Amino acid sequence: MAAVFPANQVIVVGGGLAGMSAANTVVELGGRSLLLDKSSFCGGNSTKATSGINGAGTKTQKTKSIPDNAEIFIADTLKGGAKKPELAKVLCANSAADVDWLVDKFDLDLSLVARLGGHSQPRTHRGKERFPGMTITYALIQMLEKVAEKTNRARIITKAEVFKLVQSGRSVVGCEYRKAGKVVKEFGPMVLASGGFGADFGSDSLLATYRPDLLHLPTTNGEHCTGDAIKMGEAIGAATIDLEWVQVHPTGLVKPDDPDAKVKFLAAEALRGVGGLVLDANGQRFCNELGRRDYVTGEMWKKNKPPFRLCLNRAAADEIIWHAKHYTGRGVMKFYPSGEDLAKDMGVPLQTLVDTHQKHFEAAKKQEKDPDGGNFPAYPSGKTWDEPSGKTGSGKKFFHNIIDGSKVATEPFYVAIITPVIHYCMGGLECTVDAECIDKSGKAIPGLYVAGEAAGGIHGNNRLGGNSLLDCVVFGRVAGKAACKFTFGKDEKFKPCPVPSELKELTK
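Summarised in this report is the structure supplied together with it. Source: prediction; values computed, not measured.

Counting its secondary structure elements, the protein contains 16 helices and 22 strands. Radius of gyration (C-alpha) of the protein: 23 Å, near the 23 Å computed for a compact globule of 508 residues. Each principal axis of the C-alpha atoms in the protein carries an extent, and together these give about 75 × 50 × 40 Å. Buried positions account for 62% of the 508 residues belonging to the protein. Considering only intrachain contacts with a sequence separation of at least 6, the fraction spanning at least 24 residues in the protein is 73%. Charged side chains in the protein number 65 positive and 57 negative. The centres of these two groups are separated by 2 Å.

Structure representation (structure tokens):
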């Protein structure tokens, strides 16, 4: 194939974590990468990811004696909504090696681990400071920028809007993009990693076509998320899957002085992982805070008693204090010196908050003493003593940083008003385990690969928290490797560069 098609580069569309993982992998394998991004700077939605990246069997987990492995993770991912076991297996089985790749090759701190909703083990990795999506994505951007500066193995072009795939027969052999009023052609196999369509609000948009019922909701997505990769793929006959599955995240942050803003910050799921409680307008709990995202959103809509609040006591906030202070500085979270102050601001009796916390505390203690004896079904399995969540059929069985009711009056809290928001598109271009796009007959389209949110079928009808950054890294790397194999040809005859011993070596 490469003899017929002597491409000396892999073209990556999108400068978020999936694109950067693909481009860095191409360079690592001895290839050349060209990365195109329509925004004025790279990063995309990946930089906004706030909870972390999942990994099962990582070095970090081993140092903390967390008994996790790929099999447990695959089971959780399938129970969480994934429908294609072969793709879930790639995602989960590659997770440990790829999280370790980030730590080892990019000197990243991923030393903290939390358990998010739907996970039976703590496996969502983050560092001690800043948002993990930001630190991880920027580390990969900086590496590729340095490689581009010092060598001819990488190029990054921003403000480049790719609008058309170029074909020779069935094969994709390049693309056309617009920059500064000119149309430019580039040739090479394509990795599409330009994100989902969570901000595609036009009348003929993918949201309007597949989920018109969600058009009224705010979004966490940047304005660049208009489904470009999906539309270009469809234009040449690529198959799509699960486009109707759009994740509505329960904890978009409401800014009190701009409550109707269409784009909202997201409250990290880790805020609930460390023990944050979700309360309705009356100060009552009504769901399992660690349930699936679609479940928590559904319970909020059923309850219909906004404003809903996410409340972190002192111990919970201390565990994730960088986030709490960041949100407070942004005006989307408020610090209350005491539960009494919080009750006054909510307009509910202090005793209500005392009772809510006391019941939660008692359920946690009973769960600890008798984990299998509860009266209600628990998620993902077993029984729970927690009545508010248990009555929903998806009871809470993991409790963290609990306080008894007697402490509430004087306990300091960090609190945010939350609302459901369009967050993530599970659907996209259908792909193989090698990240190859396929046509409607199920055949791989030579030279066309997809990674990140542009890919469909990996998460099924609901994505678990921490699996999006992982998806970006795992399938970005899978796509990069597959595109290199396609370009290098048999016996790697057309490999353009020697394989570096370390990416870092190329930056010196």
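Before going further, it helps to spend a moment on unusual backbone geometry. Of note, the amide linkage connecting P306 to P307 takes the cis form, showing an omega dihedral of 0°. Looking at the element boundaries, P307 is found in the loop between α10 (293–303) and β14 (308–312). A cis amide bond links Y379 with the next residue in sequence, P380, at an omega value of 5°. Within the fold, P380 resides in the loop between β16 (376–377) and β17 (383–384). Even without being a glycine, R130 presents a positive backbone phi close to 60°. Its location among the elements puts R130 in the loop between β5 (124–126) and α6 (132–150). The class for R130 is partly exposed, based on a relative accessible area of 41%. The phi angle at D242 is positive, at roughly 60°, despite the residue not being glycine. By the secondary structure assignment, D242 is in the loop between β11 (240–241) and β12 (246–253).

Analysis parameters
Residues numbered from 1 in each chain as written. Predicted model: local features only at pLDDT ≥ 70, side-chain atom pairs only at ≥ 80, totals over all residues. Heavy atoms only, no water. Helix = DSSP H or I, 4+ residues; strand = E, 2+ residues; numbered from the N terminus. Rg over C-alpha atoms; globule rule 2.2 N^0.38 Å. Buried < 20%, exposed > 50% of the residue type's maximum accessible area, 1.4 Å probe, protein only. Contact = heavy atoms within 4.5 Å. Lys, Arg positive; Asp, Glu negative; His and termini not counted. Charge placed at Lys NZ, Arg CZ, Asp CG, Glu CD.

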